[in-house]
Each structure stands twice: as C-alpha cells, then as structure tokens.
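# Breakdown of the fold
Residue-level listing of the chains:
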Amino acid sequence: MNPNRSFARLSVLLLAVTLGLPATTRAQEIPSPEEYFGFQMGADRQLARWDRLVEYYDMLGAMSDRLQVVHMGPSTLGNPFLAIYVSSPENLARLEELKELNRVLQDPRGRSEAEVENAITNGKVVFVQSYGLHSTEVAASQTAAEVLYELATRTDDEVMQILENTVGIIIPCFNPDGNIIVTDWYNRWVGTEYEGSSPPELYHHYIGHDNNRDAFMLNTVESRYGAEIMFREWIPQAYIDHHQMGPYTARIYLPPYAEPIRPEGDPLVWREMAWYGSHMAYKMDEVDLKGAIGAAVYSGWGHFGFHWITPFHNIAGMLTESASARLASPLYVHPDQLGGSRQFPEYEEQTTFPNPWPGGWWHVRDIVERQKVASFAPLEIAAQNRETVLLNAYHKASRQTERGREGEVQAYVISAGQHDPLTTMKLVNNLLGQGISVERATREFTHEGRAYDAGTYVVSMAQPKRGVIRWLLGRTFYPDNSYTRDADGNPIRPYDMSTDNMAEFMGVRADPVGTPVETALTLVTAPIDPSGTVGEGPHGWVIDGRLNDAFKAVNLLFDAGASVRRADREGPGVEPGDFIVSASADPAAVRSIAEVTGVDFEALESDASSLSYPLGEQRVGMYQRYYGGNMDEGWTRLLLETFAFDYTTLRDAEIQAGDLQSRYDVIILPADSKEMMTGEREDEGGFGADPSSVPPEYRSGFGESGVAALEAFVEAGGTLVTFAEAGDLPLDEFDLPVRNAVEGMWGNEFWAPGSTLRVEIENTRPFAYGMPEEALVTYLAGGQVYETIPGAESANVDRLVTYVDRDILQSGWLLGEEAIANKAAMVSVAKGEGAVLLIGFRTQHRAQTHATFKFLFNALVTRSGASGPVAAQGGG
Ligand SMILES: [Zn+2]
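About the cut-offs
Residues numbered from 1 in each chain as written. Predicted model: local features only at pLDDT ≥ 70, side-chain atom pairs only at ≥ 80, totals over all residues. Heavy atoms only, no water. Donors = N, O, S within 2.8 Å, 3.2 Å for Na, K, Ca; no water. Tetrahedral: all angles 85-135°; square planar, octahedral: opposite > 155°, others 65-115°. Helix = DSSP H or I, 4+ residues; strand = E, 2+ residues; numbered from the N terminus. Buried < 20%, exposed > 50% of the residue type's maximum accessible area, 1.4 Å probe, protein only. Pairing = 2+ DSSP bridges. Expected span 1.5 Å × (residues − 1). Core = buried A, V, L, I, M, F, W, Y, C linked by side-chain atoms within 4.5 Å. Contact = heavy atoms within 4.5 Å. Phe/Tyr/Trp six-rings, centres within 6.5 Å; stacked < 30°, edge-to-face > 60°. Lys NZ or Arg CZ within 6 Å of the ring centre and 35° of its normal. Salt bridge = Lys/Arg side-chain N within 4 Å of Asp/Glu carboxyl O. Polar contact = N/O pair within 3.5 Å; in protein donor to acceptor, adjacent residues only side chain to side chain.

What follows covers the coordination of the zinc ion. At the metal site, the zinc ion is ligated by His134 (ND1), Glu137 (OE), Glu137 (OE) and His243 (ND1), and these contacts range over 2.0 to 2.4 Å. What the four donor atoms of the zinc ion show is an angle range of 56 to 146° at the metal, which sorts the shape as irregular. One chain supplies every donor for the zinc ion, spaced along it as H-x2-E-x105-H. Of the two residues, histidine 134 is situated in the loop between strand E4 (125-131) and helix H7 (139-153) and histidine 243 in strand E6 (residues 238-245); the sequence distance between them amounts to 109 residues. Its relative accessible area of 3% is what places histidine 134 among the buried residues.

Shown next as structure tokens:
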C-alpha cells in the first residue's frame, strides 16, 4: 500500500466543523451536485472542475457512511487521484475481509472447497467503474458526481440492494490533470467564436489520448493506480470505462464488443459483457433514451488499455461510448449526418439498435443521462445475482488455470542473463504489475534441450491470468478473415496495434515450453530493484553499452561532472559501444548512480583511452506543435526524462528564427505528418482540427522558413532525427539520395499495422552500438522503409538496420513482405557537416519498445557527421 494515501475519513471531523454539520448528517442533508455546483451536471456550457469535484467527494465521504474516499496519491501534475468505495456501511467496515474473500475466488489455486463456498456465501460482487479518462470527452467526470450522490443518498430497493451486495469502486476521474486542462480551456473561450475548440496541447501531460494504451506497461502514475486496484488489490468481477465517441452515429455504444474478439479469454467473460450490456440497453429503452447500440462499433480485439486487457484478467472489461457534443456546448446533428459504423452498416433499425435517435440538438446532459443508466444497470443485475456472479468468478479463474495446465504452452521461461538483463528485470516487474505469478529458479537447469542459469524466471500458464500472459509473451497473429477484410478484400485497420507482445517490444526472449518446468522454483514476491556494483582499480570503469540504463548512468555521470568516453574498438573487457568512465569521477557519485540505475561499473584492467573517444553532453531539441499536441512527442518526453536526458522543447518561432546549430546538436522530429509540422496543407481536411476553429495563436506550423532552418542546421553539423512519417520532411525537402520505398502503398500491396518485424543491424556503427545483430522492431502504419536512389551521393547513405529477406513477421499482421525484404528500416544520411537519421519504424513507441530505445539514445550521445568515424571527433 502507498504510505502517502490518506483516507478522507480522517478529515471527517475537520470538515464537519468547517461546514457546521454533525458528523452523522442524514442523507437528505447531503447537497446534490446541482446544489453544490450551482448547475445540473451536464448543463449546457457548464463544467465542474476537478479541484471542486474533489472537495465535493471529500464532503460526500465525510457525510455519508456509504462512501470511503481514498486519495491514492498525486497525478502526473500533482492533482489528487481518487478511488471511491461505495457499499453498505456494514460492508465498508469489513473491506479488508471482503478483499480476502474476493482473492479466494479470483485466484482459487490451493484453496479448499469450503473456502470457495464461504467466499461465495459471504463475499460481495466487486465492480469497478471509471470516468473521465479521455478529458475532451467531458461528460463522464460530471456523470460520476451524480452517480456517487445517488448511491450515497437514495433509499429505494434498487440502490439498497446494490449497496448490500456489491462493493463499487469508482474512479471518478482517471485523468485529473486533463479535466483541469480542458475545463480551463473551455471556460477561456466560451462565448467566443472558438467555443468548443479542443485544447492545443496534450490533455495528459505526456501521453494525451494514449492514456488508455498504457495498462500493460504502466508508464504513467495514473495507470499504476488503476493497476493496483484492478490487477493486484481487488481484481473485480467487472469493470466499465465510460467514454465518448464521434457525434454522428449511435448515441451510445454499449457492450458487448463487435468482431473480431481476441481469443483465449474465459468464455464466461464474453457472456457477462453481453449480459451486462444487454441490461444497460434494456434499461435505456425502458425510459426511451434513444440510440443505444451494442455488438457494433468497437471490436473485441483492441489495444491493451484497461477495458480491453481486463477480460484476460477474468474481469468483464467493458466500454461505453456516448456520442460527443462540442466539449460542453450543444451540437446540432442533422438526420442526414447520422451514419453507421462497424457491424452497423446503415443508420437504421437492427436487433442491436432498435430505437434510432432521429437527430436534433445533442447536449452533454443527454450523455450524462445515458451514462447514469449505463452505470446503474449493471450494478443492479450484479446485485440481484450476487451468488451467480461470484460462482462464475470462481469458474473463470479455475478454468483458465486448468486450460493453462493442459495447454500446448505450459510456461514461458525467461533467462535472466539476456542481452540487456536490466530490461529483462523490467519485463518481470511489468508482469508482477499485472498481478501475474512469476517464479525464479534457484539453480541451473535444462529444459527441452535448453540450459538455463540459476535466476531464470518461469511464468507458468497454470494460473488464472493465463490469458494476459499469452498475449504479453506469446507470438501473436492478428486474424485475417472476413471480419478483418472489406467486401473488396482489402484489410481493415485494427483498432490499434495488431500485437501487444510486451516481450517482443522489450527485446526480451520468453521461451514457450510444452512441458511443466520441474526444477526448484521460488515465487517472486516483490518487484526487482537491482543495485549495480562498483569495481575498484586505477583505470576507471567500463559500463556495458548493451544496457538501456547505461545511458541513464551516463547522463547522471554528466550531471555529476564526470568525464565519459565511448569505446569504438575492442580491448580487454571492452566492446565497441561500451562507456568508459574516468578514474577521476567522484566515487560517491559513481556508487549512487550504480545504485539508482542498477548498472554495474566494472573496474578497467588497463587504460582504455586509446580504445575510445570522448563524449560530450549533446544539446537536444525536440519539436512540439499544437492542434491537440502530438502523442509521440509526449511519449518521447516521458522516455527522455525517465532516462535522465536533458532536452529543450522547440516551438515554431525558435525553429523559424534559425541559427539552430548554435544552440542544438540534435533535433528530434517525432512521428507526425509533414503538413502538421509545417502547417502547410495541400487540401482541406488534412488536420485533425480545422485551423480556423482554433484561436490564431495556437495554429502551429513552422513553414518554409522552418524547413530551411532545419536544413541549415544539418548542413552546419547537426543531427536531425526523424521518427516514421516525420521522415517525409527531409525526404521531400532536403534532396536526399534516399526515398521511402513504401510511400503510398497500402492494403494487399503492403500492410503492417502495429506489428513486430525481424531486422538485421549493423551494430558496429555508433548509431547502432549496443544492439544485437538481429532484433525485432515495431512497425506502425504510416512508417517508412528506405531505398537508396542510384546516383553520385548514395555513398552518403549508411544502412544501419535492414529487414530480413523472408519470414519478416514475428507478431501482428503483415501483407506484402516482398515490398520491404532486404530494404533499410533505418538509415543515416550524411549531409554537409551533419546527418539526417531516418528511423522508419517506431523506435520508442509509447515508451514500450525497449528493444529499440538505444537507436534513439545513441543518436543523442553521438556527435553528428553520420555514423562513421566522424563520430569519433566528438567531444567537449
Ligand atoms: Zn475515449
């Protein structure tokens, strides 16, 4: 448990005094949200801001004995993150006991029949609902206030039964910072021509809308709070995440999901989603709330955000998606603007859509009313069917365990001594973050012909979370069938990635084995927190350049004023790419950096100066635009900060002012279209937002002068690093002797939507130091593949990473592999005194692809002038 958290209950007395109320105030004296905020939740042009909502919830917690308001800790920007427990006072008084009973059902391994029966008889259905994860989908964080108020005050049979038979855990705002960003932006422009426009920046400081793509890597603190509740502390029977979608289709999407679904979850999970969803829809039409649809729009094979990964935790993980207005402003929808969607071919009645909404004004209040029904209805049937839900919780967990015990893959074996052992530990910690049981061999062993050292990790499939393990560690092929092809046979883009294989993203080998691992194993009970060792000797130290964390250590060494060199030749105990730390470095700083990073500092056997060149700290700039921000830029910021890289955010004006070479050594253009960066559109509709709808000071784009400044920067010796489609800018504008070999290709010609692909790497080049000779890269639609244009300057092109010649796909979906076979995935192109480093895949995608972080990190420590010997001239 987090020691920082405090139960709001502690402030009950204080608050009661402040409000002049006795601590045992009756329910009817609790102010409604409308009384408290002065407007009804969802009223036109009104938004409750998160700080006031927190005050309201703390007050509810103080005044009602049905609510416990838990402050889990600060959000990314320091706002309170809440989890609110809702149940009868008797249940709340024995929450820890209920949690233990729930554990029996969610993981029945080793439990007796009597324990299981007791848990079913005396347990309660645990039901998590979250609101406001996507902040421009403004309704949900408002809806939560009414849901909580009604649960705190209503005395009808429905609510009393819910309180008696369920433990509700409500996350009233999954992105507190975003509620504040959007509310303030909305209020700033309401009443002007820019009312209802989207905020210019990411509404999560680092990752914006991608904040629901993080439930397996848990890179943000908000995700870690969610995982603590859902994957480890409670493991609810059901979970719903309330969202909004575009305005021009059904009014609300409800469970179940459309096809295709991701297989290998327990079947009851999918039946439960249909059951809850059907009741939501039934209650919706009971009160004639028009326009509900299920089994359409959102397929069951999505990304691994919370609502799509929870089914593999044996949780009925669901989504609701209401049609959006314009932030808090109403929107008029003409009937002819309404259309269908996935498995909803026409906007007309179908079995899953019997009550079409006819069009007209659409208000946030309309969303709030639907979200309230969608919040209460599933609680109602969970409460009415408590024993059934709990018995089936036991069935789901025990049957998944049994399937794992009998399956073709019985376990994944993860050797500890891999290419980058510290990253291997991070993978294991991520598995623990999912609440997966991981064991460790206490001695060396041989299994299925492979020898493993002591310390090898073993992840048995004979556990309830078998489904999560299968998708995070097992090779994945996205379905290719009539659900994923259109009538013309063209592939339909998956909702997100076509694989979420974390081991492949991280460059960690997880060996599937078909027989149980029978060696001495101990359970890993806490996250691994390695501490590096520091050798002693007169020649300084060497750090293994294969470790991602070596770069963090180097950055911290720079901060400590140490001098660092990089080996470009082999020597005693030294490989090219290793870092050489001067003997003059402060030993206390070295010890502390070893401890923080887990990196070992090996004592050098002899002076390594002749094997290495001096490294200087590079000045790094990264372009940031408006129009809602660029998530790839935000993720990159998060990654750079995690690895202690200093960087400067570059905006248009600074780029256009030129003379970039006097201030920067490396400039990063995160994945983005050239049009978004330059602000020069060739036709209407190129932007997500129509620029004219955005206040002029937030219409970004550095234009032709910015392009010229970037070219001059490279000519003068800078390194320009481009991710994926951002490569269009130098390819189109800098007259480089390379082209994108897959430009304009799609569908059967070439298709790799979020897949892992096999490459070979020239790891003797500084831009590729520390990488293995073969690896997997993560390729997304819109990525680039490079071929050299024959001509005089092609000698300037250095192919650093190349796709293999056949069987390129490791996981995901790949059509037309011959289009990329033997072609370059990453090249550096010398230009003037500098270089352009074109990375066609996603080297740092969502801070998840640890396997290829080093391509970025190398670029940030390698003095430009291409990847050849020029790098050795770097220094100072
Ligand atoms: Zn959303």
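After presenting the structure, the write-up continues.
Okay, the sheet that holds strand E23 (residues 612-615) next. In spatial order, the strands read E22-E19-E21-E20-E23; together these five strands make up an open sheet with antiparallel pairing. Edge positions in the sheet fall to strand E22 (602-603) and E23, since each has one partner strand and no second. Here two bridges tie strand E19 (residues 541-543) to E22, and the two strands are oriented antiparallel to one another. Among the inter-strand pairings, tryptophan 541 is bridged to a residue of E22, identified as alanine 603.

Counted at 1.5 Å a residue, the expected span for helix H18 (residues 548-559) with its 12 residues is 16 Å, and the 18 Å between its end C-alpha atoms agrees. In terms of residue burial, H18 counts as a mostly covered element, since nine of its 12 residues are buried. Turning to H18, its buried residues number three or more, namely Asn548, Asp549, Ala550, Phe551, Ala553, Val554, Asn555, Leu557 and Phe558. Looking at the residues trailing H18, positive phi occurs at glycine 561, about 80°.

Counting residues in hydrophobic clusters, the biggest one holds 247 residues, and the most contacted among them are Tyr57, Tyr276, Leu431, Leu473, Phe601, Tyr803 and Phe841. If sequence neighbours within four positions are ignored, leucine 431 has contacts with Ile414, Ile436, Val438, Val459, Leu472, Leu473 and Met502. Counting residues in hydrophobic clusters, the runner-up holds 28 residues, among them Phe702, Leu710, Val738 and Tyr786.

Turning our eyes to something else, we now look at the pairing of strand E12 (residues 411-414). Where burial is concerned, the two faces of E12 agree: the one with Ala411 and Val413 and the one with Tyr412 and Ile414 are both buried. Relative to strand E16 (residues 457-460), E12 runs antiparallel, the two sharing four bridges. Directly across from tyrosine 412, in E16, lies its bridge partner valine 459. When E12 meets strand E17 (residues 511-513), the two strands line up antiparallel, connected through three bridges. Note that in E17 the partner of tyrosine 412 across the bridge is proline 512.

A few words on the packing of aromatic side chains. Within this structure, the stated rule accounts for 47 aromatic pairs. An aromatic cluster of three or more residues is present, and its members are Phe216, Trp301, Phe304, Phe312, Trp471, Tyr478, Phe505, Trp751 and Trp813. One cation-aromatic arrangement involves arginine 251 over tryptophan 362; the distance from NZ or CZ to the ring centre is 4.6 Å. Above the face of the tryptophan 471 ring, arginine 262 is positioned so that its terminal group lies 5.2 Å from the ring centre.

Time to look at helix H16 (residues 466-473). Most of H16 sits out of view: eight of its eight residues are buried. Where H16 is concerned, the buried positions are Arg466, Gly467, Val468, Ile469, Arg470, Trp471, Leu472 and Leu473. Buried residues along H16 sit against helix H12 (306-309), helix H14 (386-406), E12, helix H15 (421-433), E16 and helix H17 (502-506).

Let's shift gears to the pattern of salt bridges. Enumeration over the complete set of coordinates arrives at 53 salt bridges. Note that glutamate 164 and lysine 124 form a salt bridge whose closest N and O atoms lie 3.5 Å from each other. Pair noted here: glutamate 164 is in helix H8 (residues 157-165) and lysine 124 is in the loop between helix H6 (113-122) and E4, with a separation of 40 residues, a long-range link. Overall, lysine 124 belongs to the buried group, its relative accessible area being 10%. Notably, a salt bridge pairs arginine 470 with glutamate 264, separated by 3.2 Å at the nearest N-O pair. Here arginine 470 is found in helix H16, whereas its partner glutamate 264 is found in the loop between strand E7 (252-254) and helix H11 (267-286), with 206 residues between them in sequence.

Another aspect to go through is the environment of histidine 242. Along the polypeptide, histidine 242 turns up in strand E6. Expressed as a C-alpha distance, the spacing of histidine 242 and glycine 132, which sit 110 residues apart in the sequence, is 7.2 Å. Apart from the residues within four sequence positions on either side, histidine 242 is in contact with Gln129, Ser130, Tyr131, Gly132, Ala140, Thr320, Gln371, Ala374 and Ser375. Side chain to side chain, histidine 242 and glutamine 129 meet in a polar contact 2.8 Å long. In terms of polar contacts, histidine 242 uses its side chain to reach the side chain of threonine 320, at 2.9 Å.

Read these as spatial facts, not as claims about activity.
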